[in-house]
Each structure stands twice: as C-alpha cells, then as structure tokens.
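Take a look at the letters that make up each chain.
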Amino acid sequence: MSSGEPAAVSIPIHDHHGKAPATSSAVPAAAAAAAPAAAPAVAPRKVGIPFFRRGDHHRGSRCLAFLDFILRIAAFGPALAAAISTGTSDETLSVFTEFYQFRARFDDFPAFLFFLVANAIVAGYLVLSLPFSAVLVIRPQTIGLRLLLLVCDMIMAAMLTAAASAAAAIVDLAHNGNLRANWVAICMQFHGFCQRTSGSVVASFLTVVILMFLVILAACSIRKR
Amino acid sequence: MTKDGSVMEHGEISSKAPLVAPVAAGVNRAVAVVDTFLRFIAIIGTIGSAIAMGTTNETLPFFTQFIQFEAKYSDLPSFTFFVAANAVVCTYLVLSIPLSIVHILRPRARYSRLFLVFFDTAMLALLTAGASAAAAIVYLAHKGNVRANWFSICQQFDSFCERISGSLIGSFAAMVLLVVLITLSAFALARRH
C-alpha cells in the first residue's frame with residue numbers, strides 16, 4: 001500500500017457479503033465512515049428495531065397478532081358473564097302447595113349444566129392462551145404456535161356452539177312450549193330465571209362469533225407469513 | 001452466488017433447493033386428496049341425517065274423538081332447524097368438491113385454501129348448532145324433565161324416537177370431519193412452498 005498515510009490503511013478488505021470495500025485513506029473520512037459503519041452493524045439485529053416502525057419486516061403479521069390478542073380479551077368477557085349468570089340462576093316462586101315448592105335452577109336442566117361447564121372452560125382457555133398470543137406479537141414468525149392456536153380455537157368454538165345451541169333449544173322451549181308434545185312454557189311463571197338464561201345464551205353466541213373470527217384471522221396470518 | 005458466498009460451478013446441482021419443492025408439493029397434494037375423500041364422507045353423513053330426520057312420521061294406533069296422536073319432525077322447531085342446517089351443509093360440501101379437486105391439481109394455491117377454510121368454519125358452526133339443538137330436544141324426549149313437568153314422549157312414540165336419535169349420528173360424524181378438514185387446510189397453508 002502507499003506509504004503516505006500510515007494510520008489509515010488498517011481497514012481490512014473482505015469481500016464476503018458483496019459490500020463495497022472500505023478504503024478510507026483520510027482520517028475525517030474514516031471518522032465519517034465509522035458512524036455509517038455502526039448503523040449497518042446494528043440494523044441486522046432485529047431486537048434493536050422497535051415494533052411497527054417502517055423498518056419492521058413483520059409489520060403486517062404483528063398487526064394481525066395484536067388484533068388476535070385484543071379479540072381474545074374481548075371474547076373472555078361474554079364467556080365469563082354467561083357462565084356466572086347461568087350459575088347464579090335460581091328462582092323460587094312465591095306460591096307453594098302443601099307438598100311442593102316451585103323452584104327452578106340451572107341444574108334441573110342438563111343442557112344448562114353443559115352450557116355452564118362449556119362457558120367456564122372456554123373462559124379459562126381464553127385466559128390461558130393470552131400469553132401464547134402475546135408471544136406471537138413479539139415473534140410473528142412462529143408458525144407452529146399459530147397453527148396450534150388455530151386448532152384449539154376451532155375446537156373451543158365448536159364446543160361452545162354446541163353448548164350455546166343446546167341451551168338455546170331449551171330456552172326456546174321454555175318461552176314457547178310445545179303443543180304437540182304437551183310441554184308447557186315455564187317462562188310464564190319463572191320470569192327471572194328465563195331472562196337470565198336467555199341473556200347468557202346471547203352472550204355465549206357473541207363469544208362464538210369472536211372465536212370464529214379468531215380462527216379466520218389465524219388462517220389469514222398463516223397464509224401471510 | 002449462493003447465500004454463503006461460495007461460488008458454484010455452472011453445471012453443479014445445488015443439493016438443497018430443487019428437492020424441497022417437489023416434496024412440499026407432494027405433501028400438499030396428499031393433503032388435498034385426503035381433503036376430497038373426507039368431504040365425500042361428510043356429504044354422506046349430512047344427507048343421511050337430513051333424510052332420516054325429514055322422513056319421520058309416526059301415528060299412534062289409538063285416538064280419541066278429537067285428536068289423533070301424531071309425531072313429525074316439523075312439530076318441533078329444533079328438528080326443522082336440524083334438517084335445514086344439514087341440507088345447507090350438504091349443499092355447501094357438494095359445491096366445494098370441485099375446489100378441493102383443484103387443490104389436488106394445483107397444490108400451491110393459497111387464496112382458494114383460505115376461502116375454503118373460511119366457509120368450512122362457518123359451516124362447522126351451523127352444523128354444530130343444528131346438531132346440538134336437536135340433541136338437546138332428543139335428550140328431553142328420552143328423559144323428560146321432572147321440574148318443568150315435561151313428559152318424555154319416547155314412551156309413546158317408539159319408532160319416532162329411534163329415528164331422531166339415530167339421525168344425530170351422521171350429523172355429529174360430519175362435524176368431526178369438518179374439524180379435521182379445517183385442520184388439514186390450515187396445515188397445508190402453513191407449509192413452506
């Protein structure tokens with residue numbers, strides 16, 4: 001090399017990654033080259049870049065994962081409310097005969113028992129899957145976790161649909177009765193019990209809709225990658 | 001130049017890239033074949049359930065002066081919904097068979113798989129709703145409810161009861177198959193092409 005600048009020709013010229021060889025022959029140029037050389041050294045480390053900025057390659061996936069997280073929190077509310085509302089439904093009529101007290105509770109109907117248990121399970125599942133969803137926001141490229149969440153969400157949605165529609169069938173029977181089978185509509189007498197269970201069925205169906213949307217969202221973000 | 005900087009000769013075959021693509025397409029193709037097969041079975045299940053429930057009609061041999069004791073599926077709204085839901089899901093499955101066959105021929109299709117996942121999920125929800133509403137009423141028909149004074153009608157209408165209980169099986173089997181179908185489609189979407 002030239003002997004005119006002894007302190008400047010210390011940068012090695014390695015052409016591994018196709019970068020332009022750094023040949024700085026003056027000290028100010030070396031100092032100026034040190035700053036942009038530091039920035040490309042930081043950029044390949046993904047931890048340094050904050051979320052949702054322009055340099056984030058996974059911005060779309062991160063947005064979907066964040067939406068997934070928010071929807072899980074939103075679905076937890078109605079599921080828990082439906083479970084609690086059904087569990088505390090207990091109405092005793094003020095009329096009674098010598099032998100019999102008229103009373104309605106959720107465990108008189110096996111469908112409501114199944115409904116309560118299914119809502120409790122789904123509410124617990126939604127809470128337990130929140131950390132996994134948070135991990136997906138931080139690391140959007142884990143596809144296996146997304147697939148697992150999709151399958152579990154779908155199974156929970158199917159179970160909750162089954163429980164909600166069984167309870168809805170019983171609620172419909174309680175409201176309208178059935179002439180042919182000679183089943184009397186009990187809502188005429190048990191007002192509060194009827195209102196409670198009807199409301200919790202509606203809340204449960206809302207959770208079902210959110211869970212189905214979560215499944216679609218997971219499938220979209222798997223495709224997007 | 002390849003990624004690690006080593007220069008390759010012109011006639012040299014890279015050991016990794018060309019083998020992965022046919023294997024991945026082969027797995028996706030197998031998934032699509034299983035998908036089509038399961039759809040056929042689900043069609044049989046749903047149509048069997050719809051027909052079994054829809055042709056229920058039992059008339060008891062005794063009658064009073066004013067009323068003839070008769071039981072049909074349309075006497076209970078849950079059963080009407082069950083028949084309707086099974087019919088809709090069966091129609092959807094028949095219409096989705098061509099799309100499934102397209103996936104066998106083109107294993108790398110992604111948008112159409114997503115389309116199929118979306119509608120499969122909707123049909124799963126509909127079928128589950130219909131099947132479990134009917135199951136709740138069938139349970140009530142078998143056991144009755146002491147507290148609400150609902151009498152179990154199975155004690156009188158034997159063959160009607162057997163029919164409606166048996167028609168639930170095909171519907172629940174189709175539900176399980178739909179769950180498997182959605183899982184398969186999601187798995188095929190997640191594979192790296």
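None of the values given here were measured: they were computed from a predicted structure. For every chain, the first residue of the written sequence is number 1, and numbering continues from 1 along that sequence. All chains are assigned letters beginning with A, and all ligands numbers beginning with 1, in the order in which they are written. Residues qualify for local features only when their pLDDT is at least 70, as the model is predicted, and side-chain atom pairs are given and counted only at 80 or more; totals for whole chains, interfaces and linings, by contrast, use all residues. For the side-chain quantities, the full set of heavy atoms in the structure was used; hydrogens and water were omitted.

Draft legend 1. Structural context of the UniProt feature "transmembrane region" (unreviewed entry) in chain A. Residue and element names in this part refer to chain A. UniProt positions are given in the numbering used here, feature names are shortened, and annotations may be inferred rather than shown by experiment. Sequence positions flagged by UniProt for "transmembrane region" (unreviewed entry) are, in local numbering, residues 63-84, 112-138, 147-171 and 201-222. The span residues 147-171 shows a helical share of 100% and a strand share of 0%, and its end C-alpha atoms are spaced 36 Å apart. Secondary structure within residues 201-222 divides into 100% helix and 0% strand; the distance between the first and last C-alpha atoms comes to 32 Å. Comment: elements are numbered from the N terminus, with helices defined as DSSP H or I runs of at least four residues and strands as E runs of at least two.

Draft legend 2. Region of interest: the environment of Ile43 of chain B. All names here are of chain B. Counting through the fold element by element, Ile43 comes out in helix 1 (residues 17-54). When a residue's accessible area, from a 1.4 Å probe over protein chains only, is under 20% of the maximum for its type it is buried; when over 50% it is exposed; and in between it is partly exposed. Taking the relative accessible area as the measure of exposure, Ile43 reaches 12% and is therefore buried. C-alpha separation for the pair Ile43 and Ile97, spaced 54 residues apart in sequence, amounts to 10.0 Å. Among all residues touching Ile43, those that are not within four sequence positions of it are Cys90, Leu93, Val94 and Ile97. Residue contacts follow a heavy-atom distance rule, with two residues in contact if any of their heavy atoms lie within 4.5 Å.

Draft legend 3. Local environment of the environment of Gly130 of chain B. Here Gly130 of chain B is to be found in helix 3 (residues 111-143). For the pair Gly130 of chain B and Ala84 of chain B, spaced 46 residues apart in sequence, the C-alpha to C-alpha distance is 8.3 Å.

Draft legend 4. How the structure looks around the interface of chain B and chain A. In this assembly, 41 residues from chain B lie in contact with 35 residues from chain A. Here's the idea: put two parts together, see how much 1.4 Å probe accessible area each one loses, and the total over both is what we call buried area. For the chain B and chain A pair, buried surface summed over both sides reaches about 3500 Å², with 69% attributable to carbon and sulfur atoms. It is Arg110, Arg147 and Trp150 of chain B that lose the most area in chain B upon contact with chain A, and together they represent 20% of the buried surface on that side. We count a salt bridge whenever a side-chain nitrogen from Lys or Arg sits within 4 Å of a carboxyl oxygen from Asp or Glu. Across the contact surface, chain B and chain A share two salt bridges. With its nearest N and O atoms 3.4 Å apart, the salt bridge here joins Arg147 of chain B to Asp108 of chain A.

Draft legend 5. Here's a closer look at the state of the cysteines. Throughout, disulfides are identified as pairs of cysteine sulfur atoms within 2.5 Å of each other. Under the definition given, this model contains two disulfides over all chains. The partner cysteine of Cys154 of chain B in its disulfide is Cys161 of chain B, sulfur to sulfur 1.3 Å. One exposure class covers both Cys154 of chain B and Cys161 of chain B, and it is buried. Considering cysteine sulfurs only, Cys220 of chain A is the nearest to Cys63 of chain A, which forms no disulfide, with 14 Å between them.

Draft legend 6. Main features of the packing of helix 5 (residues 143-176) of chain A against helix 3 of chain B. Geometry is summarised by axes, namely lines fitted to C-alpha atoms with helices restricted to the contacting stretch, and by angles between N-to-C directions that run from 0 to 180 degrees. Where helix 5 of chain A meets helix 3 of chain B, the axes come as close as 7 Å, and the angle between the chain directions of the two elements is 45°. Considering the angle they form, helix 5 of chain A stands oblique to helix 3 of chain B. When the axes of helix 5 of chain A and helix 3 of chain B are compared, the crossing they make is right-handed. For the pair formed by helix 5 of chain A and helix 3 of chain B, the contact residues are Met154, Ala158, Thr161, Ala162, Ser165, Ala166, Ala169, Ile170 and Leu173 of chain A on the first element and Leu124, Ala125, Thr128, Ala129, Ser132, Ala133, Ala136, Ile137 and Leu140 of chain B on the second. Basically, the charged four are Asp, Glu, Lys and Arg, the nonpolar ten are Ala, Val, Leu, Ile, Met, Phe, Trp, Tyr, Cys and Pro, and anything else, Gly included, counts as polar. Tallied by class, residues from the contact of helix 5 of chain A with helix 3 of chain B come to 14 nonpolar, four polar and no charged. Angle categories: roughly parallel below 35 degrees, roughly antiparallel above 145, roughly perpendicular from 65 to 115, and oblique for all the rest. In this scheme, a crossing is called left-handed if the near helix is turned counterclockwise away from the far one by less than a right angle; it is called right-handed if the turn is clockwise.

Draft legend 7. The arrangement of the pattern of salt bridges in detail. Residues and elements named next belong to chain A. Evaluation of the coordinates by the stated rule reveals eight salt bridges over all chains. Asp153 is the partner of Arg72 in a salt bridge, and the nearest nitrogen-oxygen pair spans 2.9 Å. Here Asp153 lies in helix 5 and Arg72 lies in helix 2 (residues 59-87), a separation of 81 residues in the sequence. Look at the salt bridges and you will find they share partners, linking Asp68, Arg72 and Asp153 into a network.

Draft legend 8. Structural context of a nonpolar patch on the surface. Taken together, the side chains of Phe37, Phe40 and Ile41 of chain B make up a nonpolar region of the molecular surface, amounting to roughly 300 Å² of accessible area. Considering the arrangement of structural elements, one finds Phe40 of chain B in helix 1. Only residues whose relative accessible area exceeds 30% and that form no salt bridge are eligible for patches; like-charged ones are grouped when within 9 Å, while nonpolar side chains (Val, Leu, Ile, Met, Phe, Trp, Tyr) are grouped when within 5 Å. Each accessible area value is a Shrake-Rupley result obtained with a 1.4 Å probe; residue values ignore everything except the protein chains displayed when judging cover.

Draft legend 9. Just the packing of aromatic side chains, in detail. Classification of ring pairs uses Phe, Tyr and Trp, with its six-membered ring standing for Trp, and accepts pairs whose centres are within 6.5 Å; under 30 degrees between planes counts as stacked, over 60 as edge-to-face, and the remaining range as tilted. Per the stated rule, a full pass over the model turns up nine aromatic pairs over all chains. Centre to centre, the rings of Phe109 of chain A and Phe193 of chain A are 5.9 Å apart; their planes meet at 25°, and the pair counts as stacked. Of the two residues, Phe109 of chain A sits in the loop between strand 2 (101-105) and helix 3 (110-128) while Phe193 of chain A sits in helix 6 (residues 191-224), which places them 84 residues apart along the sequence. In this structure Phe109 of chain A comes out as buried when scored by relative accessible area, which is 3%. Among the residues examined, Phe193 of chain A registers a relative accessible area of 4% and is labelled buried. Measuring from centroid to centroid gives 6.4 Å for Phe157 of chain B and Phe160 of chain B, while their planes differ by 70°, and the two rings are edge-to-face. According to the relative accessible area criterion, Phe157 of chain B is buried, its value standing at 7%.

Draft legend 10. Layout of helix 2 (residues 77-105) of chain B. For helix 2 of chain B, which comprises 29 residues, the first-to-last C-alpha distance of 43 Å matches the rise-based estimate of 42 Å (1.5 Å per residue) to within 8%. Note on bend: the value at a residue is the angle between axes fitted to the seven residues ending there and to the seven starting there. Roughly 35° is the biggest bend found in helix 2 of chain B, and it falls at Ile97 of chain B, with proline Pro98 of chain B one to four residues downstream. Here a helix's expected span is defined as the number of its residues, less one, multiplied by 1.5 Å.

Draft legend 11. Examining the UniProt feature "transmembrane region" (unreviewed entry) in chain B more closely. All names here are of chain B. As annotated in UniProt, the feature "transmembrane region" (unreviewed entry) corresponds to residues 37-56, 76-102, 114-141 and 168-190 in the numbering used here. In this annotation, residues 37-56 is assigned 90% helix and 0% strand; the end-to-end C-alpha distance for the span is 30 Å. This span, residues 76-102, is 96% helix and 0% strand, and a straight line between its end C-alpha atoms measures 41 Å.

Draft legend 12. Expanded view of the side chain of Thr197 of chain A. Residue and element names in this part refer to chain A. Position of Thr197 among the secondary structure elements: in helix 6. For Thr197, a relative accessible area of 3% gives the class buried. Contacts of Thr197, omitting those with residues within four sequence positions, involve Ser89, Phe112 and Val171.

Draft legend 13. Expanded view of the nonpolar core. In terms of nonpolar packing, the biggest core is built from 53 residues, with Phe109, Phe112, Ile170 and Trp183 of chain A together with Phe79 and Trp150 of chain B touching the most fellow members. Those elements that place two or more of their residues in this core are helix 2, helix 3, helix 5 and helix 6 of chain A together with helix 2, helix 3 and helix 4 (158-190) of chain B. The contact partners of Phe109 of chain A, leaving out residues within four places of it in the chain, are Ile170, Ile186 and Phe193 of chain A together with Asn145, Ala148 and Trp150 of chain B. With 36 residues, the next largest nonpolar core counts Val117, Ala174, Ala188 and Leu189 of chain B among its residues. Side-chain atoms within 4.5 Å are what join buried Ala, Val, Leu, Ile, Met, Phe, Trp, Tyr and Cys residues into a set we call a nonpolar core.

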